[in-house]
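Examining the three-dimensional arrangement
Residue-level listing of the chains:
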Amino acid sequence: MDLVPTEAQLSACVTCGLCLPHCPTFRLTGDEVASPRGRIAAMGAVAAGLVPSDETYAGMMSFCLQCRACEAACPSHVPFGQMMEGARARLAKDQPSWRGRLRRFLVGRVLNMKWLLALVTSSIGLVQRLGVMRLLPKQVRLARGLRPQRIFPHTVVGVHDNAPAEPAGSVALLAGCIMDEWFPEVHDATRGVLQMAGLEVHSPESQQCCGALAAHEGGAGDAQRMAARNVGAFAGFDFIVADAAGCSAHLKDYAEWAKDGSSVAERTKDVTELVAELIGAGRLPSLDDTGEQVAVHDPCHLRHAQGIVNEPRAIVRAAGYTPVEIDPDGLCCGAAGLYMVYEHDTAEELGIMKAAQIRGAGPTTVVSANSGCEIQLRAHLDNGYRVLHPIELYWEALNV
Ligand code: SF4
Ligand code: SF4
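These numbers come from a predicted model, not from an experiment.

In this section: the overall build of the protein chain. Check the secondary structure of the protein chain and you find 21 helices and eight strands. Against the 2.2 N^0.38 benchmark of 21 Å for 400 residues, the protein chain shows a C-alpha radius of gyration of 20 Å, consistent with a compact globule. Reported as C-alpha extents along the three principal axes, the dimensions of the protein chain are approximately 60 × 45 × 45 Å. Taking all 400 residues of the protein chain together, the buried fraction comes to 58%. Taking the contacts inside the protein chain whose residues are at least 6 apart along the sequence as the reference set, 73% of them involve residues at least 24 apart. Accessible surface, the protein chain as shown: approximately 16600 Å² in total, 55% of it carbon and sulfur. One finds the centroid of the 35 positive side-chain charges in the protein chain at a distance of 5 Å from the centroid of its 44 negative side-chain charges.

Next up, the structure:
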């Protein structure tokens, strides 16, 4: 599978520049080389052999958040996300730095080591309980964006309870990598809501991490291996549901990553998409208005990569709250997977901007349908704010 940006993809860019104001790194720097158009020009120059695939080129690519805001704004439908994944896969071969290798090892291998994730989770849990977070380096302190951690491991894999007597359909729930350990409440809410709608929810044991982070880091081989495994694990289910927008966006791109990957892509729904549909069809209730407001943060991989905007707002309304907008442009919060660690200063700047937008909007409850964004928002908002997934808000309201 050749992931290098193709000539057709490169020539689709007509250099109009309409994407530039939507690009967070261009907005921060005003620099063409930090813009989508500049990056596409560099990809083209490397592909044509006009410039080397060297450290300067690697730096240009690695500064991109892969937020795909440029893709959503582009009138020529340039598939920027796919091109950046291809460019990074090529760089992994051309510029095999130890940092890059370590990042790819982390997202391609470690994220599938459940025992190690459980150990890290327990350690963070201990550090949080001992109250010594401020002693950690600032990147590690992003862990303060995690909820108080459990000491004992947790998994949704293999859990199959409360099955409806006559299910209206079957769902395979993606357990994910960090979702399973760090966001078990989101999985619980997803299962509860879908079961309430009469769906049977499984989380097959043979599944692995979706491979999104590996694809973003240029680990094409690992991403393909994980996709091939999941194509088998998710066979036979009516829907495949992910409750982190980065994962649902990647599952919808599986046609690029695995033979028969389109069979997964066609059945995948982000949980906000499926639940909003079920509410609209009257299969899930809409609760009375509480008169309270909830701010809605749009994760890039929900809004830009999947075009899902109305659905989280519909869920907030069905939970009895009024959704409040925080940012009409949907600018990236700076999380972007490992970006918040290796491009820490830029991620920090974007996180501070996003937190200011939230403070300006008013409500102190914020929903965001992606785990990385939740971590970033919690890390930049004070303790008076509550950040949760829209499905948790809805499940909580149903159970009051
Ligand atoms: S990526 Fe699209 S919007 Fe941006 S310069 Fe190229 S054609 Fe224009
Ligand atoms: S993916 Fe995001 S950061 Fe990268 S070029 Fe596009 S808009 Fe800019």
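Attention shifts here to the site of ligand 2. The environment of ligand 2 is made up of Cys23, Pro24, Thr25, Pro36, Arg39, Cys64, Leu65, Gln66, Cys67, Arg68, Cys70 and Phe80. Elements with a minimum of two residues in the shell around ligand 2: helix H2 (24-29) and helix H3 (36-47). Split by residue class, the shell around ligand 2 holds eight nonpolar, two polar and two charged.

This part is about the pairing of strand S2 (residues 199-202). On S2, burial follows the alternation: Leu199 and Val201 on one face are buried, whereas Glu200 and His202 on the facing-out side are not. Direction of pairing for strand S1 (residues 169-173) relative to S2: parallel, over a ladder of four bridges. The residue bridging Gly169 from the neighbouring strand is Leu199, located in S2.

For the rest of this paragraph, the subject is the sheet that holds S2. Strand order in the open sheet formed by four strands is S2-S1-S3-S4, with parallel pairing between adjacent strands. Pairing within the sheet leaves two strands with one partner each, and these edge strands are S2 and strand S4 (268-270). Taken over all neighbouring pairs, the strand axes of this sheet differ in orientation by 35 degrees on average, direction set aside. For strand S3 (residues 239-242) and S4, the ladder comprises three bridges, and the chain directions are parallel. Bridging across to S4, Val241 finds its partner in Lys269. The strands touched by helix H10 (residues 184-196) within the sheet are S1, S2 and S3, with S2 carrying the most contacts at an inclination of about 150 degrees.

Once that is clear, we can look at the packing of helix H7 (residues 98-108) against helix H12 (residues 220-233). Interhelical geometry of H7 versus H12 gives an angle of 5 degrees and a closest axis separation of 10 Å. On the basis of the axis angle, H7 is roughly parallel to H12. Note on element contacts: H12 touches H7 through Asp222, Arg225 and Met226, opposite Arg104, Val107 and Gly108. Looking at the contact of H7 with H12 residue by residue, the class counts come to two nonpolar, one polar and three charged.

So, about the sheet that holds strand S6 (residues 321-325). Taken in spatial order, the four strands line up as S6-S5-S7-S8 in an open sheet, and their pairing is parallel. Looking along the sheet, the strands with just one partner apiece sit at the ends: S6 and strand S8 (386-388). Averaged over all neighbouring strand pairs, the angle between strand axes comes to 35 degrees, with direction disregarded. Bridging between strand S7 (residues 365-368) and S8 involves three bridges; their strand directions are parallel. Counterpart to Thr365 in the pairing with S8 is Arg386.

You'll often see interface size given as the accessible area lost when the parts meet. Taken as a whole, the protein chain is organised into domain 1 (7-96) and domain 2 (283-398). Between the C-alpha centres of domain 1 and domain 2 the distance comes to 27 Å. Contact with domain 1, which involves 15 residues of that partner, is made by 16 residues of domain 2. With both sides pooled, the region where domain 1 packs onto domain 2 buries about 1300 Å², and carbon together with sulfur makes up 63% of that total. Our count for the contact surface shared by domain 1 and domain 2 stands at one salt bridge. For Asp329, the salt bridge goes to Arg27, with nearest N and O atoms at 3.3 Å.

Here we come to the nonpolar core. Side chains of nonpolar character tend, in soluble globular proteins, to be buried together. In this structure, Leu194, Val275 and Tyr394 are the most contacted members of the largest nonpolar core, which totals 94 residues. In terms of domain composition, this core takes at least three residues from each of domain 1 (7-96) and domain 2 (283-398). Those residues within four positions of Leu194 in sequence are excluded, and the remaining contacts are Val171, Leu199, Val201, Val241, Leu274, Val275 and Leu278. Grouped together as the second largest cluster of nonpolar side chains are 22 residues, Cys19, Ile40, Met83 and Leu91 included.

A few words on the pairing of strand S5 (residues 292-297). As paired elements, S5 and S6 share five bridges and run parallel to each other. Paired with Val296 across the bridge in S6 is Glu325. With three bridges joining them, S5 and S7 adopt parallel strand pairing. Of the residues in S7, the one forming a bridge with Ala295 is Val366.

Reading the values: the criteria
- Residues numbered from 1 in each chain as written.
- Chains lettered and ligands numbered in written order.
- Predicted model: local features only at pLDDT ≥ 70, side-chain atom pairs only at ≥ 80, totals over all residues.
- Heavy atoms only, no water.
- Helix = DSSP H or I, 4+ residues; strand = E, 2+ residues; numbered from the N terminus.
- Rg over C-alpha atoms; globule rule 2.2 N^0.38 Å.
- Buried < 20%, exposed > 50% of the residue type's maximum accessible area, 1.4 Å probe, protein only.
- Contact = heavy atoms within 4.5 Å.
- Areas by Shrake-Rupley, 256 points an atom, 1.4 Å probe, with all protein chains shown as cover.
- Lys, Arg positive; Asp, Glu negative; His and termini not counted.
- Charge placed at Lys NZ, Arg CZ, Asp CG, Glu CD.
- Near = heavy atom within 4 Å.
- Nonpolar A, V, L, I, M, F, W, Y, C, P; charged D, E, K, R; others polar.
- Pairing = 2+ DSSP bridges.
- Axes fitted to C-alpha atoms, helices over the stretch in contact; angles between N-to-C directions.
- Parallel < 35°, antiparallel > 145°, perpendicular 65-115°, else oblique.
- Domains from an automatic or database assignment.
- Buried area = accessible area lost by both parts, 1.4 Å probe.
- Salt bridge = Lys/Arg side-chain N within 4 Å of Asp/Glu carboxyl O.
- Core = buried A, V, L, I, M, F, W, Y, C linked by side-chain atoms within 4.5 Å.

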